[in-house]
Structures are given as structure tokens and as C-alpha cells.
Amino acid sequence: MRWLGDCVLAARRRHVLKIQRKSNGEVVLTLSGRLQADNVGELSAVLEGEASGRRVVLDLKDVVLVDRETVRFLRARERDGIALHNCPPYIREWIARDGLEVDS
């Protein structure tokens, strides 16, 4: 039955959000994996830990899946001045569309 445990562990790893931090004048947080409502809190905590006044960038090039709550979170962070780099086109379009719905 060892293989079953390995499959469950592998499935859990696919739901993981990885955050890598680099700093050189600005703070770049490179996100990898699934950015969903259940791990937005983790990203929020990292963002809150950054010193105020420093430019923060979220690099989304390795994000493979988002949900509606995450799109709203990203839209709000962008309005707060956080830059979204390498934002996949489907996420950018969803942010724009969600903004139109909210503003209507």
C-alpha cells in the first residue's frame, strides 16, 4: 500500500503555492503553483511583512491556476501599488473583466 501514500502526497504537492523572495532595491516575490483562496492568506502575510515604502512586485510566470477570490485579491493588490509581472493573459483578462463587474 505504499504507492497509495505516495499518490496522496504527490496530489497534495500539486496544490502548493511556492513563494520565492528576491530583493535588490525592490522586492520581487516569484509565485509558483496554484494560487487559490486557501493559500491567499499565506501570500497576504508575506506582503504584510514587507517594509512600507519598498516597491513590491509579484511575478506570476509560474502560476498555473487561480480562482475568483484570488483574481479579486490580485486586482486589489495592484490597486494598492503592487506590480504584477509576467501575468498570464487569462489572469490579466479575468482581472479586467472582474473589475468591470465590480465597478458596474
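Here the structure is a predicted model, which means the values were calculated and not measured. (Residues numbered from 1 in each chain as written. Predicted model: local features only at pLDDT ≥ 70, side-chain atom pairs only at ≥ 80, totals over all residues. Heavy atoms only, no water.)

Asker: I'd like a description of the overall build of the protein chain, backed by residues and values.
Answerer: Broken down by element type, the protein chain carries four helices and four strands. Helices and strands appear in the protein chain in the N-to-C order α-β-β-α-β-α-β-α. Counting over 104 residues, the protein chain shows a buried share of 37%. (Helix = DSSP H or I, 4+ residues; strand = E, 2+ residues; numbered from the N terminus. Buried < 20%, exposed > 50% of the residue type's maximum accessible area, 1.4 Å probe, protein only.)

Asker: Lay out the packing of helix α2 (residues 37-48) against helix α3 (residues 68-79) with the relevant residues and their values.
Answerer: Interhelical geometry of α2 versus α3 gives an angle of 20° and a closest axis separation of 9 Å. As summarised for this structure, α2 and α3 are arranged roughly parallel, according to the angle between their axes. Note on packing geometry: the crossing formed by α2 with α3 is right-handed. Residues A37, V40, L43, S44 and L47 of α2 pack against E69, T70, F73 and R77 of α3. A per-class count over the contact of α2 with α3 returns five nonpolar, two polar and two charged. (Axes fitted to C-alpha atoms, helices over the stretch in contact; angles between N-to-C directions. Parallel < 35°, antiparallel > 145°, perpendicular 65-115°, else oblique. Left-handed = near helix turned anticlockwise from the far one by under 90°. Contact = heavy atoms within 4.5 Å. Nonpolar A, V, L, I, M, F, W, Y, C, P; charged D, E, K, R; others polar.)

Asker: Describe the nonpolar core, naming the residues involved and giving the relevant values.
Answerer: Within soluble globular proteins, side chains that are nonpolar tend to cluster in buried spots. In this structure, L31, L35, L43, L47, L58, L60 and L74 are the most contacted members of the largest nonpolar core, which totals 21 residues. In terms of residue count, strand β3 (residues 56-66) provides more of this core than any other element does, five residues in total. (Core = buried A, V, L, I, M, F, W, Y, C linked by side-chain atoms within 4.5 Å.)

Asker: I'd like to hear about the sheet that holds strand β1 (residues 17-24), residue by residue, with values.
Answerer: Here four strands make up an open sheet; going across it, the order is β1-β2-β3-β4 and the pairing mixed. Lying at the two open borders of the sheet, with one neighbouring strand each, are β1 and β4 (83-85). Each strand axis lies, on average, 25° off the axis of its neighbour in the sheet, ignoring direction. When strand β2 (residues 26-35) meets β3, the two strands line up parallel, connected through eight bridges. Residue pairing across strands places S32 opposite D62, the latter belonging to β3. Here α2 sits on the sheet and contacts β1, β2 and β3; the angle it forms with β2, its principal contact strand, is near 175°. The strands touched by α3 within the sheet are β2, β3 and β4, with β3 carrying the most contacts at an inclination of about 165°. (Pairing = 2+ DSSP bridges.)

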